[in-house]
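Coordinate analysis (summary)
Here's the letter readout for the chains.
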Amino acid sequence: MTPTIAVLLIITFVLSTVGLLLLIWSIANNQFSHGQAAARTIFSPGEEGHSEDPARPSDLPFTGDNSEQAAAIEARWAADQSSRTAILTWLSSSVFWLLLGSFFGLASSIKMHFPEFLAASEFLTFGRVRPVHLNAVTYGWASMAGIGVALFLIPRLFKTSLAGGKYAVLGGFIWNIGLVLGLSAITLGLSDGEEWLEFPWQVDLLFVVGGALCAIPLLLTAANRQVEHLYVTSWYLMAALVWFPILFLIANLPFAFPGASGATVNWWFAHNVLGLWVTPIGIGIAYYMIPKILGRPIISYQLSLIGFWSLALFYSQVGIHHLIGGPIPTWLVTLSIVHSVMMSIPVITVAINHHGTMMGNFGRLKDSPTLRFVWIGALMYTVSSLQGSMEALRSINVITHFTHYTVAHAHLGMYAFLSFILFGAVYFIMPRLTNWEWPWRRLISLHFWLVSAGILIYVVSLTVAGWKQGVALLNAAMPFLDIVKMTLPALQARTLGGALMTLGHLVFAFHFIAMLMRHGAATEQPTLFRPAIKETTQ
Amino acid sequence: MKRALAIMVGAALILLLATLTLVVMPYLQMSAEQVPPDLKPYTEQQQRGRQVYIANGCVYCHSQQPRDPSFAPGDKARGWGRPSVPGDYAYDKPHLLGTMRTGPDLFNIGARQPSIDWQLMHLYNPRAIIKGSIMPSYPFLFRHVEEPAEGDKVVNIPPPYGPESGKIVATDDALALAEYMLALDHTYPAPTLPKRQPKSDQPKE
Ligand code: HEM
Ligand code: HEM
């Protein structure tokens, strides 16, 4: 194996060099020296110091102090409207898949402590309901909502209208067809058999096409861009939209990777869906929403760029920490563990920026629904990632690997981090698109408290039980069935937490539909153009 | 546009390099790995059973990868078998390593429970054999008949788990799945064990 290791070392060396060159390139290209100027591109002229949160009860939006500023705000309003059909296609679909996925998650959860529940039908057996849950929430909810929000942010970041929006609408339709076919295939027992890659590969082509169709408006809009700086959010979004099709294509090459090497490809892919697809989208959204709502730029633009490139370098190689102790070469596992630990660099830089910008403004969490969802999401990104870095260490992973602890971590990441940020973004975006206000502000609160209580119960119970389960599994003196019995109360608690979350999603979906149907009180003017009373901010 | 393109190309380059280390290299190394001489390819029926295993998602609760006792002592001590090596999976398309142990590891279930009657009864209703198991039952893999026909595989279910009258017979899917379970026997010696390689722990970047 020595030649292999030599090649490996050469490759990792090349990799680091490329990273370094990219960094030097960005510095040489003045990405750094512009520094804080770049951080301000998200504000229109004169807007800094003013909060923007259309979902806030008594928000008094900035409309410009002079005609020039007012014109800029008006142009932004036009840009927001330009992407309306495309965004609504993706967001409405995502809300539907969230509901469907929640019901399947809840059913999986009940089945784990009540095995006879819906056991008679082959279409509803645990082993089909669970992958339907995972694929519906990952590719339906998280991915579609993420793309929807990206379609909103891209014109704003480039200060121009969305060009080629109809391609994104078409892409949305194809993506939905892919989901219907893929989820049906799993239900009918036609899964490809690998976790995160259950959809038959023929169906997967639809996702590649649907995703690629979204790249067209991205490129067209980028070509029209009216800003000099590329704000960090656009870095994350562009990279994510490049990464996903490549990943999806390689991992789905039918039958290319048999046996144990198939497992490495499987988990290389699965972690990249998390690390190079949903995570950059989530972080990117937070990088936009937090400063926008506070009306103050992020504290360090330089750090945000270091965070971006180190994420790209390290996250792309952590996949094999899902196979620690498995039948694969030791160097490979070690490589992924090293990168998992190195991930603390991007995580900490992002944390400094997100939470540092919040310093002194925590009072805003009370009145701004978007900020509350987005900042808690950002905080849970920090928490779940630091947890993940620990979980990748051999000494911890030997305990947690095959247990419910992993599932708790999975929901801390996919739910408390990502889904929270997406909820916040939807609350921000919808009034901008529909020129309508959220009809019942209390429902936003209700949604928040239901899902927060739910995920808290979910994560705490499974983390504790999963750890105990893992310790017990290592000790053969404890019979397997006793371990199963020990975890039962936590599995029941998860059903409770999951039921609260599902209720919260029903509230959210109801409110979303009410918004689409223009329910509730009409405002006299579009949200943006309410009486121009200058806001006093801290 | 130039800058936007540069970011996208840079991002793609990094991913391609990571693909080299995490996809291409392991593939080259592991496909050169020796296939244990005692490992038999699956029969057609076992392969079909494997498809039933995939279709019904057994992998979401069961792993097929006992770990090294020096790393995780419980695995071997529970009778799940010696640590597995890449060669053991030579005929597995797709792999079914699994990442959950809501149920026990199945890499050597064929050696632990070699009776097909045990396997079938357990599939029909796990609680008929193991009180308190949370594994789902799979009634849809069986037929309920009044009089078994010639050649039917009858499964005797202890009361109260069986039907009031008549017999439970296994479908072809159930038989195939049970045969696949019996084929999960990797107790032969593995030529490449112990496979402690020099560690390449040096942190990079
Ligand atoms: C530095 C960041 C992170 C590291 C190092 C990390 C590490 C890990 C590790 C070691 C596992 C357990 C694998 C196993 O034992 O089977 C895991 C599982 C998981 N992580 Fe993370 N994690 C990180 C961040 C995240 C984030 C931000 C998310 C969500 C967006 C996330 C989602 C998941 C999911 C869904 C799983 C379960 C995968 C499965 O078994 O299907 N992780 N992670
Ligand atoms: C509505 C409440 C939810 C409930 C009750 C729920 C329940 C479950 C259950 C029972 C599992 C299977 C765990 C196992 O096999 O041991 C699971 C897995 C998973 N769920 Fe959820 N879930 C919910 C919401 C979500 C949402 C909204 C997301 C993502 C945005 C999500 C992402 C995942 C992921 C990634 C896995 C795989 C975890 C792993 O393999 O380790 N879930 N969920």
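Thresholds, definitions, all that
- Residues numbered from 1 in each chain as written.
- Chains lettered and ligands numbered in written order.
- Predicted model: local features only at pLDDT ≥ 70, side-chain atom pairs only at ≥ 80, totals over all residues.
- Heavy atoms only, no water.
- Near = heavy atom within 4 Å.
- Polar contact = N/O pair within 3.5 Å; in protein donor to acceptor, adjacent residues only side chain to side chain.
- Helix = DSSP H or I, 4+ residues; strand = E, 2+ residues; numbered from the N terminus.
- Nonpolar A, V, L, I, M, F, W, Y, C, P; charged D, E, K, R; others polar.
- Patch = residues over 30% accessible without salt bridge, like charges linked within 9 Å, V, L, I, M, F, W, Y side chains within 5 Å.
- Areas by Shrake-Rupley, 256 points an atom, 1.4 Å probe, with all protein chains shown as cover.
- Salt bridge = Lys/Arg side-chain N within 4 Å of Asp/Glu carboxyl O.
- Domains from an automatic or database assignment.
- Contact = heavy atoms within 4.5 Å.
- Buried area = accessible area lost by both parts, 1.4 Å probe.
- Donors = N, O, S within 2.8 Å, 3.2 Å for Na, K, Ca; no water.
- Tetrahedral: all angles 85-135°; square planar, octahedral: opposite > 155°, others 65-115°.
- Buried < 20%, exposed > 50% of the residue type's maximum accessible area, 1.4 Å probe, protein only.

1. Regarding the site of ligand 1
For ligand 1, the set of nearby residues contains 27 residues, the closest of which are W196, Y315, N397, H401 and H409 of chain A. Near ligand 1, the surrounding residues are drawn from chains A and B. Take W196 of chain A: an N or O atom from its side chain is 2.9 Å from an oxygen atom of ligand 1. Within the side chain of H401 of chain A, a nitrogen or oxygen atom sits 2.7 Å from an oxygen atom of ligand 1. Within the residue set of the shell around ligand 1, elements represented by two or more residues are helix 9 (259-294), helix 14 (369-391) and helix 16 (404-434) of chain A. Its residues assigned to classes, the shell around ligand 1 shows ten nonpolar, 15 polar and two charged.

2. Observations concerning a nonpolar patch on the surface
On the surface, L118, F123, L124, L188 and L190 of chain A cluster together into a nonpolar patch covering about 440 Å² of accessible area. Positionally, L118 of chain A belongs in the loop between helix 4 (84-113) and helix 5 (126-158).

3. Some thoughts on the domain arrangement of chain A
Residues and elements named next belong to chain A. Partitioning chain A into structural domains gives domain 1 (67-228) and domain 2 (268-530). Here the C-alpha centroids of domain 1 and domain 2 sit 17 Å apart. Between domain 1 and domain 2, the contact holds 37 residues from the first and 42 residues from the second. Broken down residue by residue, the surface that domain 1 buries against domain 2 is led by W77, H113 and W141, which jointly contribute 15%. If you look at where domain 1 meets domain 2, you find zero salt bridges. Inspection of the region where domain 1 meets domain 2 yields ten residue pairs in polar contact (both at pLDDT 80 or more). Looking at the side of domain 1 that touches domain 2 element by element, the count peaks at 15 residues for helix 4.

4. Thoughts on the coordination of the iron atom of ligand 2
All names here are of chain A. Here the iron atom of ligand 2 is held by H133 (NE2) and H411 (NE2), and the distances to it run 2.0 Å. Note that the iron atom of ligand 2 binds six donor atoms; their angles at the metal cover 86 to 180 degrees, and the shape is octahedral. With H133 in helix 5 and H411 in helix 16, the pair connects residues that are 278 residues apart, well separated along the chain.

5. What about the site of ligand 2?
Taken together, 26 residues lie around ligand 2, and R130, H133, H411, Y415 and Y458 of chain A are the ones closest in. Positioned at a junction of chains, ligand 2 has nearby residues supplied by chains A and B. In the model, an oxygen atom of ligand 2 is placed 2.4 Å from a nitrogen or oxygen of the R130 of chain A side chain. The separation between a nitrogen atom of ligand 2 and a polar side-chain atom of H411 of chain A is 2.8 Å. Elements represented by at least two residues in the shell around ligand 2 include exactly helix 4, helix 5, helix 16 and helix 18 (480-516) of chain A. Across the shell around ligand 2, the residue classes break down as 14 nonpolar, ten polar and two charged. Two domains each donate at least three residues to the shell around ligand 2, and these are domain 1 (67-228) and domain 2 (268-530) of chain A.

6. Remarks on the side chain of T99 of chain B
With respect to the secondary-structure elements, T99 of chain B resides in the loop between helix 3 (73-77) and helix 4 (109-112). Judged by relative accessible area, which is 11%, T99 of chain B ranks as buried. A distance of 3.3 Å separates the side chain of T99 of chain B from the side chain of E195 of chain A, its partner in a polar contact.

7. Notes on the environment of G189 of chain A
Relative to the assigned elements, G189 of chain A resides in the loop between helix 6 (165-187) and helix 7 (201-223). C-alpha separation for the pair G189 of chain A and E122 of chain A, spaced 67 residues apart in sequence, amounts to 8.5 Å.

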